[in-house]
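# Structural overview
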Amino acid sequence: MKTNWRILLLLPFFALLMFTSCQEEVVDITEPTEAEALVADSELTTFVSATSKMDGSRDNIIDRASCISVKLPLTVIANGLEIIIDSEEDFEVIEAIFDEFDEDEDSLEMIFPITIINADHDEVVINNADELEAYVEECGGENEEDDDIECIDFKYPISFSIFNADFLIIDTIEIENDEQLHRFIKRVRNNEVIASINYPVTMVLADGTEIEVNSNEELHRTIKEAKDACDEDDDNDHNDDDFTKERLDNYLVKCPWLVNEFKRNAVALTDRYFDYAINFKEDGVVVMRARNGDMLTGTWETRIVMGRGAKLKMEFENLADFTLEWFIYEIAEGKVKIYDGDGGRIIMHRNCDVVIDHTIERVENYLQECLWRIARLSVDNTDNEKDYIGTPLKFFENNVVKIRINGELVEGTYEVFVVNAGGPIGLTIELEGRPDLKLHWLITFLGPDLIKLENNHNRMVLKRHCPDVDDDLNYIDDVLMSGIWKVASYMVQDADLTENYLDYVIGFGEEGKLFAEGDGRNIVGSWLSYRHEGLFLGVKFDDDILGEFNHRWRIKEITPNRIELKDYSATGAIERVLVLEATNN
């Protein structure tokens, strides 16, 4: 099996090719092999189940068991102090109490009844310490081998196709988290349902690396290679204070780090330092790149403090907020948390794709690789990205840039420049009729598929778009361009507005040209299908009536005769549904 669209989308297309005489004829599909459907007793199904088990090791400082987790909120008494634990961040309060004195004997009591969550995501009420101890003993000791897989995770959402007894697809379901996946796979293992995974699926390794897999074979291999490739941290030493200086140093220099949260003297400074990139080098030199591209160089070193864990010391001549010896209170795959005793706190996430030392040549080559979508554009506190739906940029050699509007390429110029000698890298774009792009932008982030730019309080985000290498996008484009479409349904929440658009037909032309006819008028616009944590269709009409459809729609279903598009709110609620159907013309 190739991708999810081959299951969800292409099956009707194959049926049309095979049965041209009657579309209602039942298609005889043979039983899927393990390469397609999940087999109840296969190793792959076992791996998926183990990967979706509840990981109970995060709260071992409370329950001292890695196969269960205590449901929050919870009241505990730590060394005589009563604490209400509302979130995992409060585990650090317990750790701080335990670490306050080296010579005392640490104790923790829970106020019963409590609720625990087991590895199968089931909740159980516990009335006293003896009942809890029985579950703890079933979990085994620290760092003992168990059957859960913690070194790799699914990136949600993912979806499955459901087959009936005749192996015809009768439904699809979307999975949003580990609990839903574990319960669904339990049904597969019990032979209650026949299902196949809709690919591609993205897997996330313990260090944050993402791997896209496109078949059962690839998924099986990826999980098998990764399942024992990290420290599952199934001991009772909260936040893993047992690392060595050598391990810590190697961990810090492996890749650059991005600041995600920053406090100093109990004052939140995240807005100031968010996405600052830090590169720890083996020679004790640390290089930091600010969001405006400024480069700062300092020194760093670590040391282990007996009974207190590790410390990280950073010194910058012109950056007092970072210049301090920090305690490391959590080190995990892809993340480090450090603090000081006066309300200071830094959370850093590792990002091996970040390039600290940009050069003009590197940025130019990167820009010229593919098309670029303007995913965000805020100028003078006004969001202008809606003006660039379906209109990607293409950068060429010799400082030529073109923007695709209504199927036509409008040419302009661009320049990658250095601010002062050895300073940050910037980008200027000159396109007629696009003054909001004509700014001196500073490149603040350069990732594998993403460029972030700033100009004072203005922001722009470019996302790379390489359609020729994506089979799903190629299929979508072929379907869109092969027909003339009518509005079969347009729902805005509970309101049916279909009637307003029955007189219009819509066509998707080559090079992103969108056209429509209706009410005695010819209308043009732009369109673009693209992938971003799912498949999307950007539509932009230069028209007041059809401009109602101007949006970046999520593609929920597409066949040669039908396209279903949905618009979701920020909370995930469906706000609009647009259905296009091919005409008989």
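Everything numeric in this text was worked out from a predicted model, so none of it was measured.

### Focus: the packing of helix α3 (residues 43-51) against helix α7 (residues 178-189)
Packed helices, taken two at a time, are described by the angle their axes make and the gap between the axes. As a packed pair, α3 and α7 sit with axes 8 Å apart at the nearest point and diverge in direction by 150 degrees. Taken as axis vectors, α3 and α7 run roughly antiparallel relative to one another. As α3 runs across α7, the sense of the crossing is left-handed. Contacts between α3 and α7 pair Thr-45, Thr-46, Val-48, Ser-49 and Thr-51 from the former with Asp-178, Leu-181, His-182, Ile-185, Val-188 and Arg-189 from the latter. Its residues assigned to classes, the contact of α3 with α7 shows four nonpolar, five polar and two charged.

### Describing the state of the cysteines
Applying the stated criterion across every chain yields a total of three disulfides. With a sulfur-sulfur separation of 1.8 Å, Cys-255 is cross-linked through a disulfide to Cys-352. Residues Cys-255 and Cys-352 are joined through a disulfide that is right-handed, its torsion about the S-S bond being 90 degrees. Of this pair, Cys-255 sits in the loop between α9 (245-253) and β13 (257-264) while Cys-352 sits in the loop between β21 (344-350) and α11 (360-367), and the two are 97 residues apart along the sequence. The exposure class of Cys-255 is buried, given its relative accessible area of 8%. Sulfur-sulfur distance for the disulfide between Cys-370 and Cys-466 comes to 1.8 Å. In this structure the cystine formed by Cys-370 and Cys-466 twists about its S-S bond by roughly 105 degrees; its chirality is therefore right-handed.

### What to know about the pattern of salt bridges
One pass over the full model with this rule turns up 33 salt bridges. Here Asp-120 and Lys-53 are joined by a salt bridge, their closest N and O atoms 3.6 Å apart. A residue pair is termed long-range when its members are at least 10 positions apart, and Asp-120 in the loop between β5 (114-118) and β6 (123-126) and Lys-53 in the loop between α3 and α4 (60-63) qualify at 67 residues. Taking relative accessible area as the criterion, Lys-53 reaches 17% and is therefore assigned buried. Ionic pairing is found between Arg-576 and Asp-567, a salt bridge with its closest N-O pair at 3.0 Å. Just as Arg-576 is buried, Asp-567 falls in that class too. Within this structure, Glu-557, Arg-562, Glu-564 and Lys-566 form a network of salt bridges that share partners.

Definitions and limits used
- Residue indices begin from 1 for each chain and proceed along its sequence in written order.
- Thresholds applied to this predicted model are a pLDDT of at least 70 for local features of residues and 80 or more for the giving and counting of side-chain atom pairs; totals over whole chains, interfaces and linings are not thresholded and use all residues.
- Computation of side-chain values covers all heavy atoms of the structure but excludes hydrogens and water.
- Structural elements are reduced to axes, namely lines fitted to C-alpha atoms, with helices fitted over the stretch in contact, and the angle between N-to-C directions of any two is expressed from 0 to 180 degrees.
- Helix and strand definitions follow DSSP, with helices as H or I runs of at least four residues and strands as E runs of at least two, each counted in order from the N terminus.
- Any angle that falls under 35 degrees is termed roughly parallel, while one over 145 is termed roughly antiparallel, one within 65 to 115 roughly perpendicular, and all others oblique.
- The hand of a helix crossing depends on one turn: near helix anticlockwise from the far one by less than a right angle means left-handed, and clockwise means right-handed.
- It only takes one pair of heavy atoms within 4.5 Å for two residues to be counted as in contact.
- As a working rule, the residues Ala, Val, Leu, Ile, Met, Phe, Trp, Tyr, Cys and Pro are called nonpolar, Asp, Glu, Lys and Arg charged, and the rest polar, with Gly in that last group.
- Two cysteine sulfur atoms make up a disulfide if the distance between them is within 2.5 Å.
- Think of it in three bands: with a 1.4 Å probe and only protein chains considered, a residue is buried below 20% of the maximum accessible area for its type, exposed above 50%, and partly exposed in between.
- The working definition used for a salt bridge is a side-chain nitrogen of Lys or Arg within 4 Å of a carboxyl oxygen of Asp or Glu.

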